[in-house]
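What the coordinates show
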Amino acid sequence: MKFISTKLLIKDFLICGITGWCMEIIFTSLGSLLTKDYTLTGHTSLWMFPIYGIAAFIFPLYQKIAYFPIWLRASLYAVLIFAVEFITGILLKTFNLCPWNYEHATWNLAGVIRLDYFFFWCIAGLVFEKLLCRLHTNEKIAAETG
């Protein structure tokens, strides 16, 4: 495993933050179909940028678990995303700043995690993995061709 520079980790953080925002807007837009809101309006919060940015750490993890089957990597990502979502949700909730509230959902934990979103977090983790692998491959190619 190769060390990831601070500069590259910051770049990954920014890209993951923006990607997470985009995925959330698409997800909430499609979710509006459930309420027959055909404007397909999506939403997110500025608080979500650094939370999604934390996904930058998926690449160093991937380097250690690349040989795991895809379903196991996806499940591990989902569990880690749940952990980040829980910690940040409780912290933001403490200051009355949490932009999400899952108390209405049957499978919620403390109103900040929806266990029925496990599959979606598996997919999100794999999207971040693929994105970061592609970025690092391109960085490596750029460094080699100078």
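Report follows, based on the coordinates. Keep in mind the model is a prediction, meaning the values are calculated, not measured. (Residues numbered from 1 in each chain as written. Predicted model: local features only at pLDDT ≥ 70, side-chain atom pairs only at ≥ 80, totals over all residues. Heavy atoms only, no water.)

**A word on helix α3 (residues 58-65)**
Test applied: Working definition: with a 1.4 Å probe on protein chains only, accessible area under 20% of the residue-type maximum means buried, over 50% means exposed, and in between means partly exposed. A run of DSSP states H or I qualifies as a helix once it reaches four residues; a run of E qualifies as a strand once it reaches two. Both are numbered from the N-terminal end. This arc is built from the directions going out from the helix axis to the C-beta atoms. What makes two residues a contact is simply this: any of their non-hydrogen atoms within 4.5 Å.
Along α3, the positions that sit buried rather than exposed are I58, F59 and I65. The buried residues of α3 all sit within an arc of 125° when viewed along its axis, so they share a single face. Summarising the contacts, the buried residues of α3 are in contact with α4 (70-94) and α5 (118-145).

**Quick word on α5**
Selection rule: An expected span of 1.5 Å times one less than the residue number is assigned to each helix.
Counted at 1.5 Å a residue, the expected span for α5 with its 28 residues is 40 Å, and the 41 Å between its end C-alpha atoms agrees. The inward-facing, buried residues of α5 abut α1 (6-31), α2 (48-53), α3 and α4.

**A word on the packing of aromatic side chains**
Here is the rule we go by: Paired rings are identified among Phe, Tyr and Trp, the last through its six-membered ring, by centres lying within 6.5 Å, and are further divided according to the angle between planes into stacked (under 30 degrees), edge-to-face (over 60) and tilted (the rest).
Across all of its chains, the model carries 10 aromatic pairs by this definition. Summarising the aromatic geometry, the rings of F27 and Y117 are spaced 5.5 Å apart at their centres and angled 80° between planes, so their arrangement reads as edge-to-face. Here Y117 lies in the loop between β2 (113-114) and α5 and F27 lies in helix α1, a separation of 90 residues in the sequence. Ring centres of Y67 and F68 lie 4.9 Å apart, and the angle between their planes is 85°; on these two criteria the pair is classed as edge-to-face. You can call Y67 exposed: its relative accessible area is 66%. Here the aromatic cluster, defined as three or more aromatic residues joined through ring pairs, consists of F27, Y102, Y117, F119 and F120.

**Focus on the state of the cysteines**
Note on terminology: a disulfide is the covalent bond linking the sulfur atoms of two cysteines. Applied cut-off: Here, the term disulfide refers to a pair of cysteine sulfur atoms separated by no more than 2.5 Å.
Across all of its chains, the model carries zero disulfides by this definition. Take C122: it sits in no disulfide, and the sulfur closest to it among the cysteines is that of C133, at 17 Å. Judged by relative accessible area, which is 17%, C133 ranks as buried.

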